[in-house]
Amino acid sequence: MSSPVTPSTGGGLPLRAAEAGVGWDLLVKEMLITAVLLLVVYAGLRLLARKGWLTQLPGAPLKRMQALQSLRLSARTTAFLIKVDETEVLIVEGASGVETTILPTVPGKTPPEKEA
């Protein structure tokens, strides 16, 4: 008589049945390796930032940003006056989104005083 039919590949080799749990072990190992690699990259970036090497790209001009005032207009709307280098920017944040307006420069104008 003929032999019983077994699942096989095109070359006639029988397929091995998957053992229970082998896939999970491999998955857990891969996830642990990925987590360790991400931790190493994060620690390296923190170290570079602490040394000051990631603060600015070489050749890029240094921008100074200063928050001059903030004003809460309503429960959901706040206005911020920001100074970037010598340019003043008005940022209004509300329920419908954020609106940014670059204010014209006025010669001889002094920035507003901060309230105590």
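Just so you know, these numbers come straight off a predicted model, no measurement behind them.

### What to know about the overall build of the protein chain
Within the protein chain, the regular secondary structure consists of one helix and four strands. In sequence order, the protein chain lays out its α and β elements as α-β-β-β-β. When the 116 residues of the protein chain are sorted by exposure, 7% land in the buried category. Here the contacts in the protein chain between residues at least 6 apart in sequence split such that 8% fall between residues at least 24 apart. Surface accessibility of the protein chain: about 10,600 Å² in total, with carbon and sulfur atoms responsible for 64%.

### With respect to the pairing of strand 1 (residues 65-72)
With seven bridges connecting them, strand 1 and strand 2 (residues 78-84) associate as antiparallel partners. Directly across from Met65, in strand 2, lies its bridge partner Val84. Between strand 1 and strand 2, which pair antiparallel in sequence order, lie five residues.

### Things to note about the sheet that holds strand 2
The strand order across the open sheet formed by four strands is 1-2-3-4, and the pairing between neighbours is antiparallel. The sheet is open, and its two edges are formed by strand 1 and strand 4 (97-102), each paired on a single side. Neighbour-to-neighbour, the strand axes of this sheet turn through a mean angle of 20°, independent of strand direction. The pairing of strand 3 (residues 87-94) with strand 4 spans six bridges and is classified as antiparallel. In the sheet register, Glu93 faces strand 4, and the bridge partner there is Val98.

### Remarks on the environment of Arg64
Following the sequence through the fold, Arg64 ends up in the loop between helix 1 (22-51) and strand 1. Residues Arg64 and Lys83, spaced 19 residues apart in sequence, show a C-alpha to C-alpha distance of 7.9 Å. Among all residues touching Arg64, those that are not within four sequence positions of it are Lys83, Val84 and Asp85.

### What to know about the environment of Ile91
Examined against the element boundaries, Ile91 turns out to sit in strand 3. Among the residues examined, Ile91 registers a relative accessible area of 25% and is labelled partly exposed. Distance in space between the C-alpha atoms of Ile91 and Thr78 is 8.3 Å, their sequence separation being 13 residues. Not counting residues up to four positions away in its chain, the partners in contact with Ile91 are Thr78, Ala79, Phe80, Ile82, Val98, Glu99 and Thr100.

### Here we look at unusual backbone geometry
For Asp85, which is not glycine, the phi torsion reads 55° and is therefore positive. Looking at the element boundaries, Asp85 is found in the loop between strand 2 and strand 3.

### Side note on the side chain of Thr78
In this fold, Thr78 is placed in strand 2. The buried category is assigned to Thr78, whose relative accessible area is 13%. Non-local contacts of Thr78, meaning those with residues more than four positions away in its chain, are made with Leu71, Arg72, Leu73, Ile91, Val92 and Glu93.

The rules behind the values
Residues numbered from 1 in each chain as written. Predicted model: local features only at pLDDT ≥ 70, side-chain atom pairs only at ≥ 80, totals over all residues. Heavy atoms only, no water. Helix = DSSP H or I, 4+ residues; strand = E, 2+ residues; numbered from the N terminus. Buried < 20%, exposed > 50% of the residue type's maximum accessible area, 1.4 Å probe, protein only. Contact = heavy atoms within 4.5 Å. Areas by Shrake-Rupley, 256 points an atom, 1.4 Å probe, with all protein chains shown as cover. Pairing = 2+ DSSP bridges. Axes fitted to C-alpha atoms, helices over the stretch in contact; angles between N-to-C directions.

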